[in-house]
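So you can see what is in the structure, the chains are spelled out below.
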Amino acid sequence: MQTVAVIDYGMGNLHSVAKALEHVGAGKVLITSDADVIREADRVVFPGVGAIRDCMAEIRRLGFDSLVREVSQDRPFLGICVGMQALLDSSEENDGVDCIGLFPGQVKFFGKDLHEDGEHLKVPHMGWNEVKQTVSHPLWHNIPDLARFYFVHSYYIAAGNARQVVGGGHYGVDFAAALADGSRFAVQFHPEKSHTHGLQLLQNFAAWDGRW
């Protein structure tokens, strides 16, 4: 049976993610902060919620920045929400935070005065939003284009490499909802809270060989 390591650095909706992975038959799901267990896993999931400064402080304290660089190179790797944002170069949050830098680009604030067609949009962006599949990818298997996923975020990703954007969202501004590069895939939304389509994405991740 394959193992899926859900990285525990104290910041993430870990049990919801683990339960969803178990529900789709992903294999033996381990919530762990043990670097050796993470290295030995067949697949790795990197969730996150909360303030990026606190997240990055814990990630660096535990040495998970270098560990994430290492394990995401040679096996299926999934970043979720702040776990996705942490993979970028930097974030505007907390007056600027350096991140892991696996994907070029910056995490930017939606702003306090976000409008669309004359309507004021609330920040954080919270709720269901369409995701445009900009590139075909194995993790989109059996998920229709413009399927709706569940988002909770005040900051969005301005990708530095358009070719890595495999899913786009719009909330006042266009933003990268999904990024991919080799065996790495990352999403701004919460698949574990996104019902049928989110569970399909996790099932696709469990079956993916990491090639793209």
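Residues numbered from 1 in each chain as written. Predicted model: local features only at pLDDT ≥ 70, side-chain atom pairs only at ≥ 80, totals over all residues. Heavy atoms only, no water.

The protein chain is annotated in an unreviewed UniProt entry as Imidazole glycerol phosphate synthase subunit HisH of Pseudomonas fluorescens. The UniProt entry for the protein chain carries the following text under Subcellular location (unreviewed entry): "Cytoplasm". UniProt, in the comment section headed Function (unreviewed entry), describes the protein chain in these words: "IGPS catalyzes the conversion of PRFAR and glutamine to IGP, AICAR and glutamate. The HisH subunit catalyzes the hydrolysis of glutamine to glutamate and ammonia as part of the synthesis of IGP and AICAR. The resulting ammonia molecule is channeled to the active site of HisF." (UniProt positions renumbered as here; feature names shortened; annotations may be inferred.)

What about the UniProt feature "domain: Glutamine amidotransferase" (unreviewed entry) in the protein chain?
Per the UniProt record, "domain: Glutamine amidotransferase" (unreviewed entry) is found at residues 6–205. With 24% helix and 36% strand, residues 6–205 has end C-alpha atoms that lie 13 Å from one another. (Helix = DSSP H or I, 4+ residues; strand = E, 2+ residues; numbered from the N terminus.)

What to know about the pattern of salt bridges
With the rule as written, the count across this model stands at seven salt bridges. Two residues, Asp-36 and Arg-39, come together in a salt bridge whose shortest N-O distance is 3.7 Å. On the criterion of helical spacing, the pair formed by Asp-36 and Arg-39 is a turn pair, its members being three residues apart in helix α2 (residues 35–40). Accessibility expressed as a relative area gives 49% for Asp-36, which makes it partly exposed. Judged by relative accessible area, Arg-39 falls into the partly exposed class, the value being 36%. Between Arg-211 and Asp-209 there is a salt bridge, with its nearest N and O atoms 2.9 Å apart. (Salt bridge = Lys/Arg side-chain N within 4 Å of Asp/Glu carboxyl O. Buried < 20%, exposed > 50% of the residue type's maximum accessible area, 1.4 Å probe, protein only.)

Considerations on the nonpolar core
One broad rule of soluble globular proteins: the nonpolar side chains tend to lie buried together. Leu-21, Val-45, Phe-46, Leu-87, Trp-140 and Phe-185 are the most contacted members of the largest nonpolar core, which totals 72 residues. With six residues, the top contributor of residues to this core is strand β14 (residues 173–181). Ignoring anything within four residues of it in the chain, the contact list for Val-45 reads Val-4, Ala-5, Val-6, Ile-7, Val-17, Leu-21, Leu-78, Ile-80 and Phe-205. (Core = buried A, V, L, I, M, F, W, Y, C linked by side-chain atoms within 4.5 Å. Contact = heavy atoms within 4.5 Å.)

Topic: the state of the cysteines
For the structure on display, the rule yields zero disulfides. Here Cys-55 is not disulfide-linked; the sulfur of Cys-81 is the nearest cysteine sulfur, at 9.1 Å. (Disulfide = S-S within 2.5 Å.)

With respect to helix α6 (residues 195–207)
The end-to-end C-alpha distance of α6 is 18 Å, a good match for the 18 Å that 13 residues give at a rise of 1.5 Å each. Within the sequence span of α6, burial applies to Gly-198, Gln-200, Leu-201, Leu-202, Asn-204, Phe-205 and Ala-206. Packing partners of the buried residues in α6 comprise β1 (3–7), α1 (14–23), β3 (43–46), β4 (77–80), β11 (147–153) and β15 (184–187). (Expected span 1.5 Å × (residues − 1).)

Details of the environment of His-197
Residue position: His-197 is located in helix α6. On the basis of relative accessibility, which here comes to 24%, the residue His-197 falls in the partly exposed class. For the pair His-197 and Gln-85, spaced 112 residues apart in sequence, the C-alpha to C-alpha distance is 21 Å. Those residues within four positions of His-197 in sequence are excluded, and the remaining contacts are Ile-143, Pro-144, Ala-147, Arg-148 and Phe-149.

Quick look at the sheet that holds strand β2 (residues 28–32)
Pairing between sheet strands relies on hydrogen bonds along the backbone, with the strands arranged either parallel or antiparallel. Taken in spatial order, the nine strands make up an open sheet running β2-β1-β3-β4-β15-β14-β13-β10-β11, and their pairing is mixed. The two strands at the open ends of the sheet, each matched to only one other strand, are β2 and β11. Averaged over neighbouring strand pairs, the angle between their axes works out to 25° when direction is ignored. With three bridges joining them, β1 and β3 adopt parallel strand pairing. Among the inter-strand pairings, Val-6 is bridged to a residue of β3, identified as Val-45. (Pairing = 2+ DSSP bridges. Axes fitted to C-alpha atoms, helices over the stretch in contact; angles between N-to-C directions.)

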